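Structure assessment
Single-letter residue listing:
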Amino acid sequence: MPDKIEQFLRSNAGSAIAAKLGLVVPDLERYESGSGLPTGRVVLAGGAHSEAATLALREQIDALGLDCFVVTGSDSSAAFGEDGAEKCAALVYDGRGLGNAGDLADLHRFFSPAVRRLSNNGRILVIAEPVEAADSPERAAAQRALEGFTRSLAKEIGNRGSTAQLLLLDRGAEAAARTTLGYLLSTKSAYIDGQAVRVRAATATPGSNNEKPLTDKVVVVTGAARGIGESICRVLAREGARIVGVDIPPSADELRAVMNAIGGEPLDADITAEDAPAKIAAKALELGGAHAIVHNAGVTRDKLLVNMSEQWWDMTLEINLAAAQRISAHLLSEGALNDGGRIIGVASMVGISGQRGQTNYAASKAGVIGYVDYMSRDAALAARGITVNAVAPGFIETQMTEAIPVLTREIARRLNSLSQGGQPEDVAEAIAWFAHPDSTAINGVTLRVCGQNWIGA
Ligand SMILES: NC(=O)c1ccc[n+]([C@@H]2O[C@H](COP(=O)([O-])OP(=O)(O)OC[C@H]3O[C@@H](n4cnc5c(N)ncnc54)[C@H](O)[C@@H]3O)[C@@H](O)[C@H]2O)c1
């Protein structure tokens, strides 16, 4: 729900004043139906340096059913119609062939004219190789240069609702990247901007039901009664999942309302209770084992450290971090998380940047990132196709952020390349991408859902 300032800025009078002040709020196109993929042209370039790899990438773009135009050489004008003035929906640049600083001139040659041809709400994807795969310092530098380039370009196109991301592709990971290409090119990733995402080589080949990839899969979501948790439940149910929604007993009515709407099952439990892991595992086993657990339940208890009670410290760390770890451990030890399963954490941008008055919250959310990093390297889990990832939301419009004083809130929601707060469904769509059975190549990722917030990394 937009507050009074947002309503005013979107009115006729308000938008005229906002334009004069340079306070542009682009209208982000969010997912409505179908696949959310662009109907306009996707222009793919960069193959002059790495033709075979670029063609493998093209196969994946074609498999998504997109209209892909491949630019050969540096002149991209043919991609934009006879007069070179047509618009395109996305620019995908394969930079894996760039081997030294001189090669980087190709970025300027391609993007400088092409970026003018990108529609509003357009997508830019730059493909790079992970730096550790480089065979020379010059190549490592050129590949890393792509990251700085992409993050800066994202800041130049955000006022049109367009976004740019870097995909770090392991060698031969093109097929494994299909769900990631689909997500990042679609309206589902409207509030993801300026991110670098690693796509690992995975053995599984894409083949799930594209319309409802989570059909017959049980997903447990904690903190499911409202806010981001409710949205996660609705989006994953839309993808076919059978949801088990967990929330505290005082939220029982809200939880039932959400579960009734999506055919899910409510489970009243405080996740910090001693018997909560066993209750959740038992429910999952009763339904044939869980495909995914989404650790969304979380609280803030803000105070400067000097004034913070031990109770507020303990409560925040228990709910946001320790309870989630105990539940995951129990699901794994009881065999209640199936092969190909997903453990998904909800961190926060504050866990990356730190925040005055939030030492407890930031510690708990940074802890989530550390947990994901460690667990994603567990060979036994990887052998079972189980991945561990997290989202790190920035400013998302929920009851949590409604509590912020109005002026602070208005500033906080604009401190990003898209000049606005995110919606709960932006977080939920990222989680749906992690949960997709074909996203096995995405492991150990903490994805910021923050419109490229200017604070933090
Ligand atoms: N809103 C934001 O801007 C934002 C930003 C970054 C991260 N997050 C994170 O996203 C998650 C959801 O946030 P939200 O804004 O929807 O919050 P919210 O307060 O609206 O919802 C949190 C839900 O978790 C439940 N919950 C709390 N303690 C619980 C417990 N012990 N056991 C079971 N359920 C419990 C609550 O009852 C509530 O339904 C949290 O982890 C939060 O830290 C939110």
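Residues numbered from 1 in each chain as written. Predicted model: local features only at pLDDT ≥ 70, side-chain atom pairs only at ≥ 80, totals over all residues. Heavy atoms only, no water.

Some points on the site of the ligand
This is how the line gets drawn: Any residue with a heavy atom positioned within 4 Å of a molecule or strand is treated as near that molecule or strand. By the criterion applied in these results, polar contacts are pairs of N or O atoms within 3.5 Å in which, for protein atoms, one can donate a hydrogen and the other can accept it, and in which residues neighboring in sequence qualify only through two side-chain atoms. Calculation of accessible area relied on Shrake-Rupley with a 1.4 Å probe; when residues are assessed, cover is drawn exclusively from the protein chains displayed. The helix count covers DSSP runs of H or I at least four residues long, the strand count covers runs of E at least two residues long, and both are numbered beginning at the N terminus. Each residue gets one label: Ala, Val, Leu, Ile, Met, Phe, Trp, Tyr, Cys and Pro are nonpolar, Asp, Glu, Lys and Arg are charged, and the others, such as Gly, are polar.
Around the ligand, the structure places 27 residues, and the nearest of them are Arg226, Ile228, Asp247, Asn296 and Tyr361. Side-chain polar atom of arginine 226 to an oxygen atom of the ligand: 2.7 Å apart, as the coordinates give it. A distance of 2.6 Å separates an oxygen atom of the ligand from a polar side-chain atom of tyrosine 361. Considered on its own, the ligand offers 840 Å² of accessible surface; in the complex 94% of this is hidden by protein. Only α7 (227–238), α12 (359–375) and α14 (399–402) provide two or more residues apiece to the shell around the ligand. Looking at side-chain class alone, the shell around the ligand contains 14 nonpolar, 9 polar and 4 charged residues.

Overview of the packing of aromatic side chains
Counted only if it meets this: Planes of paired rings set the category: under 30 degrees apart is stacked, over 60 is edge-to-face and the rest tilted, where pairs are Phe, Tyr or Trp rings (Trp by its six-membered ring) whose centres lie within 6.5 Å. Throughout, exposure labels follow a simple rule: accessible area from a 1.4 Å probe, protein chains only, divided by the maximum for the residue type, with under 20% read as buried, over 50% as exposed, and the rest as partly exposed. Two conditions define a charge sitting above a ring: the NZ of Lys or the CZ of Arg must be within 6 Å of the ring centre, and it must be within 35 degrees of the ring normal.
Enumeration according to the criterion identifies 6 aromatic pairs in this entry. Look at phenylalanine 111 and phenylalanine 149: their rings are 5.3 Å apart centre to centre, the planes differ by 50 degrees, and that puts the pair in the tilted class. Taken as a pair, phenylalanine 111 in helix α4 (residues 105–114) and phenylalanine 149 in helix α5 (residues 137–157) lie far apart in primary sequence, 38 residues in all. Consider the rings of tryptophan 433 and phenylalanine 434, whose centres lie 5.0 Å apart with planes at 25 degrees: the pair is stacked. Of the residues examined, tryptophan 433 reaches a relative accessible area of 3% and is grouped as buried. Given a relative accessible area of 0%, phenylalanine 434 falls into the buried group. Taken together, the aromatic side chains of Tyr93, Phe110, Phe111 and Phe149 make up a single cluster linked through ring pairs. One Lys or Arg, lysine 188, reaches over the ring of tyrosine 31 and ends 4.8 Å from the middle of that ring.

Notes on helix α16 (residues 424–435)
An α-helix turns once per 3.6 residues; consequently, residues spaced three or four apart project the same way. The cut-off we apply is this: Helix span, as expected, comes to 1.5 Å for every residue beyond the first.
With 12 residues, α16 extends 17 Å from end C-alpha to end C-alpha; this agrees with the ideal 16 Å at 1.5 Å per step. Most of α16 sits out of view: 11 of its 12 residues are buried. Those residues of α16 lying buried are Pro424, Asp426, Val427, Ala428, Glu429, Ala430, Ile431, Ala432, Trp433, Phe434 and Ala435.

Considering the domain arrangement of the protein
Counted only if it meets this: Delimitation of the domains relies on an automatic or database domain assignment. We call two residues in contact when some of their heavy atoms are within 4.5 Å. Take the accessible area each of two parts loses on contact, using a 1.4 Å probe, and add the two losses: that sum is the buried area. When a carboxyl oxygen of Asp or Glu lies within 4 Å of a side-chain nitrogen of Lys or Arg, that pair is called a salt bridge.
Along its sequence, the protein is organised into domain 1 (25–199) and domain 2 (218–449). For domain 1 versus domain 2, the separation of C-alpha centres amounts to 30 Å. Taken together, the contact between domain 1 and domain 2 spans 25 residues of the former and 27 residues of the latter. Here domain 1 meets domain 2 over a buried area of about 2100 Å², counting both sides, of which 61% is carbon and sulfur. Residues aspartate 426 and arginine 30 are paired through a salt bridge, measuring 2.8 Å at the closest nitrogen-oxygen approach. For the side of domain 1 that touches domain 2, the elements supplying multiple residues, two or more each, are α5, α6 (178–185) and β6 (196–199). Partitioning the side of domain 1 that touches domain 2 into residue classes produces 12 nonpolar, 8 polar and 5 charged.

Considering the pattern of salt bridges
Per the counting criterion, the structure on display carries 25 salt bridges. In this structure, the salt-bridge partner of aspartate 106 is arginine 109, at a minimum N-O distance of 3.6 Å. Placement of both aspartate 106 and arginine 109 in helix α4 is noted, with a separation of 3 residues, approximately one turn of the helix. Taking the shortest distance from any N to any O, the salt bridge between lysine 283 and glutamate 286 comes out at 3.4 Å. Separated by 3 residues within a single helix, lysine 283 and glutamate 286 lie in helix α9 (residues 276–286), roughly one turn from each other. Classification of lysine 283 as buried rests on a relative accessible area of 14%. What emerges from the salt-bridge pattern is a single network uniting Arg242, Glu265, Lys283 and Glu286.

Focus: the layout of surface pockets
The test is simple: Only protein atoms enter the calculation, which uses a 1 Å grid: trapped sets of points that fit a 1.4 Å probe without letting it out are cavities, open sets showing protein on both sides within 12 Å along at least five of seven lines are pockets, and any residue with an atom within 4 Å of a point is a lining residue. Grid points are joined across faces, edges and corners, and a volume is the space filled by probe spheres set on the points.
Taken as a whole, the second largest pocket encloses approximately 820 Å³ of empty space. Those elements that provide at least two residues to the lining of the second largest pocket are β6, α12, α13 (379–383) and β13 (446–449). Of the residues contributing to the lining of the second largest pocket, the split by class is 17 nonpolar, 9 polar and 7 charged. Each of domain 1 (25–199) and domain 2 (218–449) gives at least three residues to the lining of the second largest pocket.

Description of the sheet that holds β13
Let me state the cut-off plainly: We call two strands paired when DSSP finds no fewer than two bridges between them. Orientation is described by axes fitted as lines to C-alpha atoms, over the contacting stretch for helices, and by angles from 0 to 180 degrees between their N-to-C directions.
Taken together, 7 strands build an open sheet; the order of strands is β9-β8-β7-β10-β11-β12-β13 and the sheet is parallel. Every other strand in the sheet has two partners, leaving β9 (265–268) and β13 as the edge strands with one partner each. Here the average twist between neighbouring strands, direction ignored, is 20 degrees. Pairing of strand β8 (residues 242–247) with β9 involves 4 bridges; the strand directions are parallel. Within β9, the residue paired with valine 246 across the bridge is leucine 267. Contacts between α7 and the sheet are confined to β7 (218–222), β8 and β10 (290–295), with β7 contributing the most and set at about 170 degrees to the helix. Sitting on the sheet, helix α10 (residues 310–333) is in contact with β10 and β11 (337–346), with an inclination near 170 degrees to β10.

Quick look at the environment of glutamate 147
By the element assignment, glutamate 147 lies in helix α5. When its relative accessible area of 14% is taken as the criterion, glutamate 147 is described as buried. Along the chain, glutamate 147 and leucine 285 lie 138 residues apart, while their C-alpha atoms are 43 Å from each other.

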